[in-house]
Amino acid sequence: MSNITIIAYIILTLSIGYVFIYPKTGEISSLLEEKQKYENTLEVVNNIENKKNELLTEFNKISTQDRKNIETILPSSLNFVKLVAQIDKVAMGYGIIVDKFSSKETSSSVGDSIATAQPSKPYNSAVISFSFKAPYDKFSGFINDLEKSLRILDVRSTKLETQEKDINSYQVEFETYWLKS
Amino acid sequence: MAPNFQSSFIPKEPITEEVFKKKKAGIFGVLAVSLFATSIVVSVGIFFYKGVLENEIKNLQSQLAESEKNIDKKTINEMSQFSKKLETIKLIVAKHQVISNLLDSLASSTVSSVYFTSFDYRGLEKNLSIDLKGKAQSYTAVALQENAFAQNEDFKSASFSNLNLDEKGLVSFDLKVSVDPKIFIYE
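Model, not experiment: these values are computed from the prediction.

(A) Quick peek at the interface of chain B and chain A. Each partner contributes to the interface: chain B provides 61 residues, whereas chain A provides 61 residues. Counting the surface lost from both chain B and chain A, the interface buries some 5,600 Å², and carbon and sulfur atoms represent 71% of this. Contact with chain A buries area across many residues of chain B, yet Met79, Phe82 and Lys85 of chain B alone supply 11% of it, more than any other trio. A salt bridge links Lys85 of chain B to Glu71 of chain A; the shortest N-O distance between them is 2.7 Å. Elements with a contribution of two residues or more to the side of chain B that touches chain A: α2 (26–70), α3 (73–94), α4 (100–109) and β1 (114–122) of chain B. The leading source of residues in the side of chain B that touches chain A is α2 of chain B, at 24 residues. Residues that form the side of chain B that touches chain A fall into these classes: 31 nonpolar, 16 polar and 14 charged. Pairing geometry for strand β3 (residues 153–162) of chain A and β1 of chain B, over 5 bridges, is antiparallel. Within β1 of chain B, the position partnered with Thr158 of chain A by the bridge is Tyr121 of chain B.

And the structure:
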């Protein structure tokens, strides 16, 4: 075999490598990468199904009453009228007549300015204000009951003014919460 | 007759021997041909392998689409919302604030010769303090009250101001009490 033939073979080999093999290796590696991604995703999807079944078993163990209680603690809306009715019902138990109910939704962000701003709260909240007149012992019992209620009521302000015959006037603000679903 | 006379035209030794003799390829020739052959085999192999990979990817795509279709998104979403709700409840319950502890502490630290006519607590403000107005039977009673508050660990400080003797002989006063935030924690 002459040198020219050898060189021709080498040139042909290099040409085949450059034209067919080299570009295809790039395509093959990206296809392999894509295949790996699909396999991983498929595994994740299959795991989701298994995990879902495990969680569903646990989820179904939660009783209807507990779910109802959780909905009461953190409802999906403020339910202002219902809340007012519930507070009024507790007040009636102490012979208290509540007047001037109002509510003001609070901002979801925390902080006074951009500089002090913190991540927004993961829930919605509103301040419920109401006023009433009652003797101190009735007020104390009423507030105790509200603090222990299933619907979370965080006291935000309390104002008391004494009036005649041991009857005081009160203005109370509670913060309550809900989570939009 | 000459002794070297050749009667035949056929030469005694073949004169074409060198002409038709195959040339050996040599090691470089063999290597070049092998590389060439390998490059062709590899090219064809890659071509088919690419086709196989593309088919496998198509199969995986259809499997994935099928699996996604079978996922019960409604149940997962319901459980996810429930979980989020529980986490939020934990957060809210952990910072649940009450005032009854403060009222009890205030009542237990109030001396019998003093009573309060006004109580104002604003937890929405940064400094947790209460503003009180009260009346005492005497200045000594006010001093006793100051001492009682000083001994109460729930109160960080208590500052009296505007002490006045009214027409009934009672000492009226204003009081600002700085409160330990722990007292508002629900237990």
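Still to come is the rest of the account.
(B) Broad picture of the pattern of salt bridges. In total, this model carries 17 salt bridges over all chains according to the counting rule given. Between Glu39 of chain A and Lys35 of chain A there is a salt bridge; the shortest N-O distance is 3.9 Å. Within this pair, Glu39 of chain A and its partner Lys35 of chain A are both found in helix α1 (residues 3–61), separated by 4 residues, close to a single helical turn. Owing to a relative accessible area of 18%, Lys35 of chain A belongs among the buried residues under this scheme. Here Lys133 of chain B and Asp174 of chain B are joined by a salt bridge, their closest N and O atoms 3.6 Å apart. Of this pair, Lys133 of chain B sits in strand β2 (residues 129–136) while Asp174 of chain B is found in strand β4 (residues 171–179), placing the two residues 41 residues apart along the sequence. Overlapping salt bridges, with partners in common, bring together Lys121, Asp154, Arg156 and Glu175 of chain A in one network.

The rules we used
Residues numbered from 1 in each chain as written. Chains lettered and ligands numbered in written order. Predicted model: local features only at pLDDT ≥ 70, side-chain atom pairs only at ≥ 80, totals over all residues. Heavy atoms only, no water. Contact = heavy atoms within 4.5 Å. Buried area = accessible area lost by both parts, 1.4 Å probe. Salt bridge = Lys/Arg side-chain N within 4 Å of Asp/Glu carboxyl O. Helix = DSSP H or I, 4+ residues; strand = E, 2+ residues; numbered from the N terminus. Nonpolar A, V, L, I, M, F, W, Y, C, P; charged D, E, K, R; others polar. Pairing = 2+ DSSP bridges. Buried < 20%, exposed > 50% of the residue type's maximum accessible area, 1.4 Å probe, protein only.

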